[in-house]
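# Structural overview for review
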Amino acid sequence: MKTDNHTNDFYIREISAKETYAVRHPVLREGRPIEDCQFTDDELETTIHLGLYVDEKLIGIATFLKNCNMQFSEEKQYQLRGMAILKTFQGQQFGEHLLRYGEHLLKEKHIARIWFNARETAVRFYQKNEYQTVGQPFEIDKVGTHYVMTKVL
Ligand SMILES: CC(C)(COP(=O)(O)OP(=O)(O)OC[C@H]1O[C@@H](n2cnc3c(N)ncnc32)[C@H](O)[C@@H]1OP(=O)(O)O)[C@@H](O)C(=O)NCCC(=O)NCCS
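Summarised in this report is the structure supplied together with it. Everything quoted here is computed from the prediction, not taken from an experiment.

## Describing the layout of surface pockets
There is about 1200 Å³ of room inside the largest pocket. In terms of lining, the largest pocket is formed by 37 residues, of which the most central are Met83, Thr121, Ala122, Phe125 and Tyr126. Among the elements of the structure, α1 (17-28), β4 (77-85), α2 (94-108), β5 (113-119) and α3 (123-128) are those that each provide at least two residues to the lining of the largest pocket. Broken down by element, the lining of the largest pocket gets its largest block of residues, seven residues, from β4. Residue classes in the lining of the largest pocket are distributed as 17 nonpolar, twelve polar and eight charged.

## Concerning the site of the ligand
Surrounding the ligand, one finds 22 residues, the nearest of these being Gln90, Gly91, Gln93, Gly95 and Lys128. In this structure, a nitrogen atom belonging to the ligand sits 2.7 Å away from a side-chain N or O atom of Gln90. Within the backbone of Gly95, an N or O atom sits 2.8 Å from an oxygen atom of the ligand. Computed on the free molecule, the ligand has an accessible area of 850 Å², of which 81% lies beneath the protein chains in the complex. Judged by its atoms lying within 2 Å of the grid points, the ligand is housed in the largest pocket. The set of elements that each furnish at least two residues to the shell around the ligand consists of α1, β4, α2, β5 and α3.

Reading guide: rules and limits
Within each chain, residue numbers correspond to sequence positions counted from 1 in written order. Only residues with pLDDT of 70 or above have their local features reported here, since the model is predicted, and side-chain atom pairs are shown and tallied only from 80 upward, although totals for entire chains, interfaces and linings are computed over all residues. As a rule here, side-chain values cover all heavy atoms of the structure and leave hydrogens and water aside. Grid points spaced at 1 Å over the protein atoms alone were grouped into cavities, where a 1.4 Å probe fits but cannot get out, and pockets, open sets with protein on both sides within 12 Å along at least five of seven lines, with lining residues defined by an atom within 4 Å of a point. Grid points are joined across faces, edges and corners, and a volume is the space filled by probe spheres set on the points. Secondary structure is summarised from DSSP: a helix means a run of H or I of at least four residues, a strand means a run of E of at least two, and numbering begins at the N terminus for each. Gly is put with the polar residues, along with every residue not named as nonpolar or charged; the nonpolar set is Ala, Val, Leu, Ile, Met, Phe, Trp, Tyr, Cys and Pro, and the charged set is Asp, Glu, Lys and Arg. Proximity criterion: a residue is near a molecule or strand once any of its heavy atoms comes within 4 Å of it. Any pair of N or O atoms that falls within 3.5 Å is considered a polar contact. Within protein, one atom must be able to donate a hydrogen and the other to accept it, and sequence-neighbouring residues count only if both atoms are side-chain atoms. The Shrake-Rupley method, run with a 1.4 Å probe, gives the accessible areas here. Residue values count only the displayed protein chains as cover. Just a note on the criterion: a molecule sits in a pocket or cavity if more than half of its atoms are within 2 Å of the grid points.

Laid out in structure tokens, this is it:
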């Protein structure tokens, strides 16, 4: 696994919901119809889609939705969904850069907490980025075991 991305030029910008499909489909909905890439509230004005580009190619995505989890007391919460890096670009810290960028953006909007349902296989990635699991694992149909994870910004 490559761990050094210093030679890779990249940038992050806001993108549309539809643009995320180029990464959502192969990474998060592999072998499923393209319609399965659509998330509820994708098109809301409060929803933020971020894209990470390497050599002008979209290789990473993350979606932040205004959505409160009643387990948490903060009034201003956002949910992270659809965080993914194209397979050949994984393990090169692009995910970390994208996540940090999103956190910074939400902090500027005075959002107090981020939470999400993390795939079991991604838990270590989020823990490395100072997120904590809350409660017991649970199953999401067709996707697998998940944990609620969260961080106070
Ligand atoms: C999880 C994911 C977004 C992380 O992005 P990334 O750019 O690969 O991660 P980074 O390079 O910033 O961080 C690497 C760390 O993430 C963890 N990790 C999780 N899945 C990994 C993967 N498939 N490849 C490499 N590292 C992975 C490792 O713990 C790694 O730490 P290490 O270097 O100490 O082993 C990305 O691997 C991915 O898209 N995975 C498949 C889709 C997915 O599970 N999305 C999350 C849904 S909740």
